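Structural characterization, general
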Amino acid sequence: MRNTGPIVVLTDHSSTEGSSAVLARAVELVTDAAPLVLDARHFYDGGEGVLRVDGPPTLTVPSEHIEVQPSALVVYEIPPIDRHRFTRFQAAVADSGIPCLGADAQAWRNATDKRRTVERFRAGGIPQEESLVLDDPTPSAAAAAFERLGRDVWTRPVIGFGGRDVFHATTEAQLHAARELYRKTGTSWLLTRDAQNFDERGRRHQYRVVVLGRRVLRVCEHVQADPDAPCNEAQGAVSTVLPLNALPRRLHELAIRATASVGLPFGGVDLVPESGGVVFEVNVHPVLDVPQGFETVAVPFLLAHLSEADAPYLRRSTAVHPQH
């Protein structure tokens, strides 16, 4: 018999993006019961949180006097830089039998570490712009890679967040300024050929396509007026929600294949239609506190968890119809 304890929403409470509140609202809408929202940092390596499996799987946080047997566990909003500290807990969850969708540690690593993303895309036949991984290269090695990729490239950390420390380089001076920044921070980085993703007005653009299994849940276009800035909302890009049919079916299928190639059942895919369709990356936790994010993404994502849990109180299975 399935555990009928509360749904637990586990997020890093140092994050300010707001997805945890959206997920909590989704739980209340769907189940008529508030979730237990816990700080994921308790379960990072070195934290006091424990998942006990000597009986019914139980999460404990002694300092907060919490001892709970979740009916489902929703994990979200874990910063990329901290995900390596969460892998032991993820392995314990996988072995516990607690329903928890899309929290496989290896899949997270495939999507978070862009070195692995490039490898998984290549293995899965996912079209991507050519990228070279650089680990503290000499100036001459960086220059050779720059030349190979046509002297029009983007540099980005192997593990990044929100378009930070991402640069467009078309001169050796720009290349070496980026190289020096990564050298000082001890960061491995990618050099990627420019996708020439310009719209009819000469602005950079790309699409965020949120995927759940074989379904596309949400399509959004990001437009960046500065051709040398990342096409990311955190870096000034303007975001517009589009109807699902605004993208051709082949790009829907490409987003679905890209998500599966890194081992995720759910993710936010960044892609462009240029060159027949090129994928940049798959985001493990696309931001939910965005226009229509609640109904188009958070609710279906939660329903997928509860379908796995087969919880007895799910009297609303056909009552929620997210609008596309």
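The coordinates are above.
Attention in this report is confined to the structure presented alongside it.

Parameters and conventions
- Residues numbered from 1 in each chain as written.
- Predicted model: local features only at pLDDT ≥ 70, side-chain atom pairs only at ≥ 80, totals over all residues.
- Heavy atoms only, no water.
- Helix = DSSP H or I, 4+ residues; strand = E, 2+ residues; numbered from the N terminus.
- Axes fitted to C-alpha atoms, helices over the stretch in contact; angles between N-to-C directions.
- Parallel < 35°, antiparallel > 145°, perpendicular 65-115°, else oblique.
- Left-handed = near helix turned anticlockwise from the far one by under 90°.
- Contact = heavy atoms within 4.5 Å.
- Nonpolar A, V, L, I, M, F, W, Y, C, P; charged D, E, K, R; others polar.
- Pairing = 2+ DSSP bridges.
- 1 Å grid on protein atoms, 1.4 Å probe; cavity = no way out; pocket = protein on both sides within 12 Å on 5 of 7 lines; lining within 4 Å.
- Points joined across faces, edges and corners; volume = space filled by probe spheres on them.
- Buried < 20%, exposed > 50% of the residue type's maximum accessible area, 1.4 Å probe, protein only.
- Polar contact = N/O pair within 3.5 Å; in protein donor to acceptor, adjacent residues only side chain to side chain.
- Core = buried A, V, L, I, M, F, W, Y, C linked by side-chain atoms within 4.5 Å.
- Phe/Tyr/Trp six-rings, centres within 6.5 Å; stacked < 30°, edge-to-face > 60°.
- Lys NZ or Arg CZ within 6 Å of the ring centre and 35° of its normal.

1. A look at unusual backbone geometry
The phi dihedral of aspartate 32 falls on the positive side, at around 65°, and the residue is not glycine. Note on placement: aspartate 32 falls in the loop between helix 1 (19-31) and strand 2 (36-39). In this structure, glutamine 292 is a non-glycine residue whose phi angle is positive, near 70°. Summarising the element assignment, glutamine 292 is placed in the loop between strand 15 (278-283) and helix 8 (293-309).

2. Remarks on the packing of helix 5 (residues 139-148) against helix 6 (residues 172-185)
Contact geometry for helix 5 and helix 6: axes closest at 10 Å, N-to-C directions at 125°. With respect to helix 6, the element helix 5 is oriented oblique. Our pair here, helix 5 against helix 6, has a crossing hand that is right-handed. Of helix 6, the residues touching helix 5 (which contributes Pro139, Ala142, Ala143 and Phe146) are Glu172, Leu175, His176 and Arg179. Looking at side-chain class alone, the contact of helix 5 with helix 6 contains five nonpolar, one polar and two charged residues.

3. Digging into the sheet that holds strand 4 (residues 58-61)
Pairing within the open sheet is antiparallel, and its three strands lie in the order 3-4-5. Two strands close off the open sheet at either side, each with one partner strand: strand 3 (50-52) and strand 5 (66-68). Neighbour to neighbour, the strand axes of the sheet diverge by 20° on average, direction disregarded. With three bridges connecting them, strand 3 and strand 4 associate as antiparallel partners. Bridging across to strand 4, arginine 52 finds its partner in threonine 58.

4. Remarks on the sheet that holds strand 2
Here we have three strands laid out as an open sheet, ordered 2-1-6, and parallel in their pairing. The sheet is open, and its two edges are formed by strand 2 and strand 6 (72-76), each paired on a single side. The average undirected angle you get between the axes of adjacent strands in this sheet is 25°. The pairing of strand 1 (residues 7-11) with strand 2 spans four bridges and is parallel. Bridge pairing in strand 2 links threonine 11 to aspartate 39.

5. A closer look at the packing of helix 3 (residues 105-112) against helix 4 (residues 114-124)
Geometrically, a packed helix pair is captured by the angle between its two axes and the distance between the axes. In contact at an axis separation of 5 Å, helix 3 and helix 4 are set at 95° when each is read in the N-to-C sense. Here helix 4 runs roughly perpendicular to helix 3, going by the angle between their axes. Between helix 3, through Gln106, Arg109, Asn110, Ala111 and Thr112, and helix 4, the contact on the second element is made entirely by Lys114, Arg116, Thr117 and Arg120. Grouping the amino acids of the contact of helix 3 with helix 4 by side-chain chemistry returns one nonpolar, four polar and four charged.

6. Quick word on empty space enclosed by the protein
As enumerated under the stated definition, the model contains one cavity of 30 Å³ or more in all. Volume-wise, the largest cavity comes out at about 30 Å³. In terms of lining, the largest cavity is formed by Val75, Leu101, Gly102, Phe266, Val284, His285 and Phe301. Looking at side-chain class alone, the lining of the largest cavity contains five nonpolar, two polar and no charged residues.

7. Observations concerning the side chain of threonine 112
In this structure, threonine 112 sits in helix 3. Its relative accessible area of 7% is what places threonine 112 among the buried residues. Among the polar contacts made by the side chain of threonine 112, one reaches the main-chain carbonyl oxygen of tryptophan 108 at a distance of 2.7 Å. Threonine 112 has contacts with Pro80, Arg83, Val158, Ile159 and Val284, leaving out every residue within four places of it along the chain.

8. Details of the pairing of strand 15
Regular strands have side chains that alternate between both faces of the sheet. Within strand 15, five of the six residues are buried, leaving the element largely enclosed by the surrounding structure. Hairpin connection between strand 14 (residues 266-272) and strand 15: a loop of five residues separates the two successive antiparallel strands, and serine 275 in this loop has a positive phi of roughly 60°.

9. Description of the nonpolar core
Counting residues in each nonpolar core, the largest one holds 43 residues, and the members touching the most others are Leu10, Leu59, Leu73, Phe86, Phe89, Val209 and Leu271. At five residues, helix 7 (residues 249-261) tops the list of elements feeding residues into this core. Within the second largest apolar cluster, 25 residues are counted, among which are Val30, Leu217, Leu288 and Leu306.

10. Side note on the packing of aromatic side chains
Tallied over the full model, the rule gives nine aromatic pairs. Judged by centre distance (5.5 Å) and plane angle (65°), the ring pair of tyrosine 76 and phenylalanine 301 falls under edge-to-face. With tyrosine 76 in strand 6 and phenylalanine 301 in helix 8, this residue pair connects regions lying 225 residues apart in the sequence. Comparing tyrosine 76 with phenylalanine 301, the two get one shared label, buried. Ring-pair connections join several aromatic residues into one group, and the members of that group are Phe43, Tyr44, Phe86, Phe89 and Trp108. We note arginine 25 situated over the ring of phenylalanine 294; from NZ or CZ to the ring centre the distance is 4.0 Å.

That's the geometry; what it means functionally is another story.
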